Amino acid sequence: MSMSSSSIKFLFAAVATAALVACGGGGSSTPAPSAKVATSDATASIGPANGATIANAVANTSFTFAGGTLGSTGSTVVQFTDKSATPAFSATSSAGVVTGTTTFGSCIFTVKTSTNPLVAVGTVFTYNPCTFTVATAGAPANGSSSSRVATFNFSPSTGTASIPVIVAADGAILINGVFLGGVGLSVTTGAN
């Protein structure tokens, strides 16, 4: 089978046209916009300087400790129930409800009321180390709120909750309008 020179030129022209259509045409290539994202999770050791700020930022958020905490061995929901320098807390489990106040040198919970038969009024629970982590790795640093997992580590127990978090363009972390530190950022560029 032989092809004429005009048939070959037509074939090449058709292939070239198909290639241009597949690539979006022959115009100039404009790079996709770039975006900043957080490079890591935000973690803070809780102490006197930041403990009340962190607790106040997540006031009335339910953190679930699947393995128990504050005297309970079963699933326990812990909340900081007010915004103060010594935030009130509640710990609710199938064994009962424990309430009290929190101070920080790590995380120190002093029991004021208890319906849990395993926890007496006046009991003090001290968790050291005590840390707070927000899963910000990969979060867009664009000032928009997104739901992220936050974790309290009352060593050895951990409690989690989903909370609204803002990662600002400069890496600042804000929870309910409260600045809680910052994270590093990297720039990602979309594909053409």
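Counting from 1, residues in each chain are numbered in the order their sequence is written. Local features in a predicted model are, by the rule used here, given only for residues with pLDDT of at least 70; side-chain atom pairs are given and counted only at 80 or more, and totals for whole chains, interfaces and linings are based on all residues. In computing side-chain values, all of the structure's heavy atoms are included and hydrogens and water are not.

**Looking at the overall build of the chain**
The cut-off we apply is this: Helix and strand assignments come from DSSP, with helices taken as H or I runs of at least 4 residues and strands as E runs of at least 2, each series counted from the N terminus. Per-residue accessibility, obtained with a 1.4 Å probe over protein chains only, is compared with the maximum for each type, and a residue is labelled buried under 20%, exposed over 50%, and partly exposed between these values. Contacts were defined at the residue level, with two residues in contact if any of their heavy atoms lie within 4.5 Å. Note on areas: these come from Shrake-Rupley sampling with a 1.4 Å probe, and a residue is covered only by the protein chains present in the view.
Tallying secondary structure elements over the chain gives two helices and 14 strands in all. In the chain, which comprises 192 residues, the proportion classed as buried is 36%. Put simply, 44% of the contacts in the chain that link residues at least 6 apart link residues at least 24 apart. Element-wise, carbon and sulfur atoms account for 60% of the exposed surface of the chain, whose accessible area totals about 10,000 Å².

**Describing the pairing of strand S12 (residues 172–175)**
Condition: Should DSSP find at least two bridges between two strands, the strands are regarded as paired.
Where strand S11 (residues 157–167) meets S12, two bridges bridge the pair, whose relative direction is antiparallel. Its bridge partner lying in S12, Val167 is registered against Ile173. Linking S11 back to S12 in an antiparallel pair, the connection comprises four residues, with Gly171 at a positive phi of about 95°. Relative to strand S13 (residues 178–182), S12 runs antiparallel, the two being bridged by three bridges. Across the sheet, residue Ile175 finds its bridge partner in S13, namely Val178. Taking the residues that link successive antiparallel strands as the turn, the S12-S13 hairpin has two residues, and the phi of Asn176 there is positive, at about 50°.

**Some details on the environment of Ala139**
Of note, Ala139 is situated in the loop between strand S9 (130–134) and strand S10 (145–154). Considering only alpha carbons, one finds Ala139 and Ala38, 101 residues apart in sequence, at a separation of 5.4 Å. If we skip the residues at most four places from it in the chain, Ala139 touches Lys36, Val37, Ala38, Arg148 and Val167.

**Considerations on the packing of aromatic side chains**
Threshold: Ring pairs shown here join Phe, Tyr and Trp side chains whose ring centres sit within 6.5 Å, with only the six-membered ring taken for Trp; geometry is labelled stacked below 30 degrees between planes, edge-to-face above 60, and tilted in between.
Taken as a whole and assessed by the stated rule, the structure comprises ten aromatic pairs. Counting every residue linked through ring pairs, the aromatic cluster contains Phe63, Phe65, Phe80, Phe89, Phe109, Tyr127, Phe132, Phe152 and Phe154.

**Re the environment of Leu180**
Topologically, Leu180 is positioned in strand S13. Sequence separation between Leu180 and Ala57 is 123 residues, and the spatial gap between their C-alpha atoms is 8.6 Å. Contact partners of Leu180, with chain neighbours within four places excluded, come to Thr53, Ile54, Ala57, Phe132, Ile173 and Ile175.

**Things to note about the nonpolar core**
Quick note on the threshold: Here, the term nonpolar core denotes a set of buried Ala, Val, Leu, Ile, Met, Phe, Trp, Tyr and Cys residues that are joined through side-chain atoms within 4.5 Å.
Ranked by size, the top nonpolar core spans 39 residues in total, and within it Phe109, Phe132, Phe152 and Phe154 carry the most contacts. If we skip the residues at most four places from it in the chain, Phe154 touches Phe65, Thr69, Val78, Cys107, Phe109, Tyr127, Pro129 and Cys130.

**Some thoughts on the side chain of Thr136**
Summarising the element assignment, Thr136 is placed in the loop between S9 and S10. Residue classification places Thr136 among the buried positions, given a relative accessible area of 0%. Excluding its chain neighbours within four sequence positions, the residues that come into contact with Thr136 are Ala38, Ser40, Asp41, Ala42, Arg148, Val165, Val167, Ile173 and Val183.

**As for unusual backbone geometry**
With an omega dihedral of 10°, the bond running from Asn128 to Pro129 counts as a cis peptide bond. Cis geometry is adopted by the peptide bond preceding Pro156, which originates at Ser155 and carries an omega value of 10°. With respect to the element layout, Pro156 can be found in the loop between S10 and S11. Phi is positive for Leu70, close to 50°, though the residue is something other than glycine.

Take it as geometry only, folks, not as evidence of what the structure does.
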